[in-house]
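Overview (structure and organization)
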Amino acid sequence: MTYNFEYFDQVIDRRGTIAGKWDGLEFLYGNSDLIPMWVADTDFRPPREVVDAVIERAKHGIFGYGFYGFPYKEAVIDWHQRRNQITYQKDSVFFTPNVLVSLNNVVRALTEEGDQVLLFNPTYGPLEKEPLFAKREIVRAKLLKEAGYYEIDFNALTQLIEDHQIKLFILCNPHNPTGRVWAEEELIQLVTLCQANNIPIVSDEIHSDLIMPEQHFTPLMKVARALNYDQVVMLSAPTKTFNLAGLQASYYITDNQDFIKKIDQVKAYSHTGDLLNSFAYLALTKAYEHGADYVDSLTEYLFSNYEYLVEELKPFSFVEVTKLEATYLAWIELSSVNLTGKELRAKMVESGVAIQSGDDFFEEDGLFFRVNIGCPRETLKAGVKAIVACLSELAKAEGIE
């Protein structure tokens, strides 16, 4: 099937399908009649082959235990070989329902209660919350932001590592919420620094398929292998790329045999084995077998949505949209606005749109909000119109030109 802008332009009503993004608005925002631009799933159907396969499986009508086996691993291995030119071995690939389950197991396997875990800041909230739930201490390495672009402050990062007993580094690659695709040179510096201090790295690469035009993704494992450092675990899933989060299909990959044994022990205790539901493996396999053209068209569509958003927000001098290199999540800063994140969120709701504020990402150095642009242009226009109305009111109230 050919995927073009018309495919992603289709508006599909998701209300009444137990869709958290839409049906959860009343519970989370107090108003069901909003444009949802918050949680990170899209409003696009996955490739036709995925839908057809799930329908055919459902027609069978019996949903007993599934079977865990190598065919699903082959789909994962082949996808990463074709997309990222990296080869993984079958005995290095393991399945879980979602990336956060993988992260929780890895954190518990490789660290002890009270250990210090390093993350970049701002960060995708659950990446920080999972270690906190596990009673680990968080050390935040703040990213540098200048002219709408984020970079790693390696001097500060080195000092943080010298001043703390870091036992694990959690990397988001590409980074959520800033949309950065870490360059190979940056990853080399990161791995070298962690290697020198014997710090294992967990790399969340769930957004690695969603790379904007003219950008290039480098798997952390590729860099680590070149530096002969095997203390790396990669987390990923087809769920963001193909909008399959409701089917719960994810995996982690590591070459480190000691890590595998330790994670297996945690999995046995928590009973989170590789056995997924009857539809998860099927959807994952079909998406990876047939999804290449879909992804190529999707990323072009998402970038056009990003360009539309940027253009519509240009009139507001106090608004800075971070340069988007990956994901379908725009990270926006408001300067000269005297509001808390909670207050901004409430103002946006009054204007008719649901967003997430910087508070959700542990951002402490300004007023930020994140906008999900993974939707048809018609939906995006309605959401941006509401955002513009809110910003216009804020400018008037704050006396901003």
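Residues numbered from 1 in each chain as written. Predicted model: local features only at pLDDT ≥ 70, side-chain atom pairs only at ≥ 80, totals over all residues. Heavy atoms only, no water.

Re the pattern of salt bridges
So the rule is basically this: We define a salt bridge as a contact between a side-chain nitrogen of Lys or Arg and a carboxyl oxygen of Asp or Glu at a distance within 4 Å. Type-normalised accessible area, obtained with a 1.4 Å probe on protein chains alone, sets the label of each residue: buried when under 20%, exposed when over 50%, and partly exposed for intermediate values.
Here the structure, examined in full by the defined rule, presents 23 salt bridges. Among the ionic pairs, arginine 180 bridges to glutamate 186, the shortest N-O distance being 2.6 Å. Glutamate 186 carries the same exposure label as arginine 180, and that label is buried. The network of salt bridges with shared partners includes Glu128, Arg140, Lys142, Glu364 and Asp365.

Examining the pairing of strand E15 (residues 367-372)
Counted only if it meets this: Secondary structure elements are taken from DSSP: a helix is a run of H or I of four residues or more, a strand is a run of E of two residues or more, and numbering for both begins at the N terminus. Here the rule is simple: two strands pair whenever DSSP picks up at least two bridges between them.
When you tally the buried positions in E15, you get 6 out of 6 residues, the bulk of the element. Every second residue of E15 is oriented toward a common face, with Leu367, Phe369 and Val371 on one face and Phe368, Arg370 and Asn372 on the other, all of them buried. The pairing of strand E12 (residues 329-334) with E15 spans 6 bridges and is classified as antiparallel. If you follow alanine 330 over to E15, its bridge partner there is valine 371. Of the pairings in the sheet, the one linking strand E14 (residues 356-357) to E15 comprises 2 bridges and is antiparallel in character. Its bridge partner being in E15, serine 357 is matched across the sheet by phenylalanine 369.

As for the state of the cysteines
Put plainly, a disulfide is one covalent bond tying together the sulfur atoms of two cysteines. Quick reminder of the rule: To count as a disulfide, a pair of cysteine sulfur atoms needs to be within 2.5 Å.
Applying the stated criterion across every chain, the model contains 0 disulfides. Left unpaired, cysteine 194 is separated from the closest cysteine sulfur, that of cysteine 172, by 15 Å. Its relative accessible area of 2% is what places cysteine 194 among the buried residues. Considering cysteine sulfurs only, cysteine 390 is the nearest to cysteine 375, which forms no disulfide, with 18 Å between them.

Digging into the pairing of strand E4 (residues 137-142)
Put simply, the rule is: Call a crossover right-handed when, viewed with both strands pointing away from you, the route from the first strand across the helix to the second goes clockwise.
Here strand E3 (residues 116-121) runs beside E4; their pairing, made up of 6 bridges, is parallel. Across the sheet, the residue bridging to leucine 118 is valine 139, located in E4. With helix H7 (residues 125-133) bridging E3 and its parallel neighbour E4, the resulting β-α-β unit is right-handed.

Here we look at the packing of helix H15 (residues 341-351) against helix H16 (residues 377-398)
Convention followed: Under this scheme, a helix contributes an axis fitted over its contacting stretch, all axes are lines through C-alpha atoms, and angles between N-to-C directions fall in the 0 to 180 degree range. Should an angle lie under 35 degrees it is considered roughly parallel, over 145 roughly antiparallel, and from 65 to 115 roughly perpendicular; all remaining angles are considered oblique. Crossing handedness: left-handed means the near helix sits turned counterclockwise from the far one by under a right angle, and right-handed means the same turn made clockwise. When checking whether two residues touch, look at their non-hydrogen atoms; a contact exists if any pair is within 4.5 Å. Side-chain classes follow a simple rule in which Ala, Val, Leu, Ile, Met, Phe, Trp, Tyr, Cys and Pro form the nonpolar group, Asp, Glu, Lys and Arg form the charged group, and the remainder, Gly included, forms the polar group.
With their axes 8 Å apart at the nearest point, H15 and H16 run at an angle of 120° to one another. Taken together, the axis directions place H15 and H16 in an arrangement best described as oblique. Note that H15 runs across H16; the crossing there is right-handed. In this structure, H15 contributes Leu344, Lys347, Met348 and Ser351 to the contact, and H16 contributes Ala386, Ile387, Ala389, Cys390, Leu391 and Leu394. Class assignment of the residues belonging to the contact of H15 with H16 gives a composition of 8 nonpolar, 1 polar and 1 charged.

Regarding the packing of helix H8 (residues 154-163) against helix H9 (residues 184-196)
Across the interface, H8 lies against H9 with an axial gap of 11 Å and an inter-helix angle of 15°. On the basis of their axis angle, the class for H8 and H9 is roughly parallel. Where H8 crosses over H9, the two elements pack in a sense that is right-handed. Contact with H8, carried on its side by Phe154, Leu157, Thr158 and Ile161, involves Glu186, Gln189, Leu190 and Leu193 of H9 and no other residues of that element. Class assignment of the residues belonging to the contact of H8 with H9 gives a composition of 5 nonpolar, 2 polar and 1 charged.

Section: the nonpolar core
Worth spelling out the cut-off: Think of a nonpolar core as a cluster: buried Ala, Val, Leu, Ile, Met, Phe, Trp, Tyr and Cys residues, connected wherever their side-chain atoms sit within 4.5 Å.
Counting residues in each nonpolar core, the largest one holds 102 residues, and the members touching the most others are Phe120, Leu157, Leu334 and Leu391. No other element matches helix H14 (residues 292-313), which puts 9 residues into this core. Dropping the residues within four chain positions of it, leucine 334 is found in contact with Phe318, Val319, Leu344, Leu367, Phe369, Leu391 and Leu394. With 25 residues, the next largest nonpolar core counts Leu110, Leu119, Leu168 and Cys172 among its residues.

Topic: the sheet that holds strand E10 (residues 250-253)
Across the sheet, which stays open at both edges, the 7 strands sit in the order E2-E10-E9-E8-E7-E3-E4 with mixed pairing between neighbours. This sheet does not close on itself; its edge strands, each paired only once, are strand E2 (93-96) and E4. Taken pair by pair, the neighbouring strands of this sheet meet at an average axis angle of 25°, ignoring direction. Along the sheet face, helix H12 (residues 257-270) touches E2, strand E9 (232-236) and E10 and points at about 145° away from the line of E10.

Remarks on the sheet that holds E14
A sheet is described by the order of its strands in space; here 4 strands give the open sequence E11-E12-E15-E14, paired in antiparallel fashion. With one partner strand each, in any of the chains shown, strand E11 (319-321) and E14 form the two edges of the open sheet. Sheet strands touched by H15: E12, E14 and E15. Its angle to E15, the strand with the most contacts, is close to 45°.

Description of H16
Heads up, the rule is: Take the residue count of a helix, subtract one, and multiply by 1.5 Å to get its expected span.
Here H16 spans 31 Å end to end across 22 residues, near enough to the 32 Å set by a 1.5 Å rise per residue. For H16, the complete set of buried residues consists of Thr379, Leu380, Gly383, Val384, Ala386, Ile387, Cys390, Leu391, Leu394 and Ala395. Of the residues flanking the end of H16, it is glycine 399, one or two places downstream, whose phi is positive at about 70°.

Some words on the side chain of threonine 254
Here is the rule we go by: Here a polar contact means two N or O atoms within 3.5 Å. Within protein one must be a hydrogen donor candidate and the other an acceptor candidate, and residues neighboring in sequence count only if both atoms are side-chain atoms.
Checked against the element boundaries, threonine 254 lands in the loop between E10 and H12. On the basis of relative accessible area, threonine 254 is assigned to the buried category, the value being 0%. In this structure the side chain of threonine 254 is engaged in a polar contact, spanning 3.2 Å, whose partner is the backbone nitrogen of asparagine 256. Those residues in contact with threonine 254 that sit more than four places away from it in its chain are Ser92, Met221, Val232, Val233, Phe259 and Ile260.

Observations regarding unusual backbone geometry
The omega angle of the peptide bond from asparagine 173 to proline 174 is 0°, so this bond is cis rather than trans. Mapped onto the elements, proline 174 comes out in the loop between strand E7 (166-172) and H9. A positive phi is found at isoleucine 18, a non-glycine position, where the angle reads about 55°. The residue isoleucine 18 is located in the loop between helix H1 (5-9) and helix H2 (20-23) in this model. On the accessibility criterion, isoleucine 18 (82% relative accessible area) is exposed.

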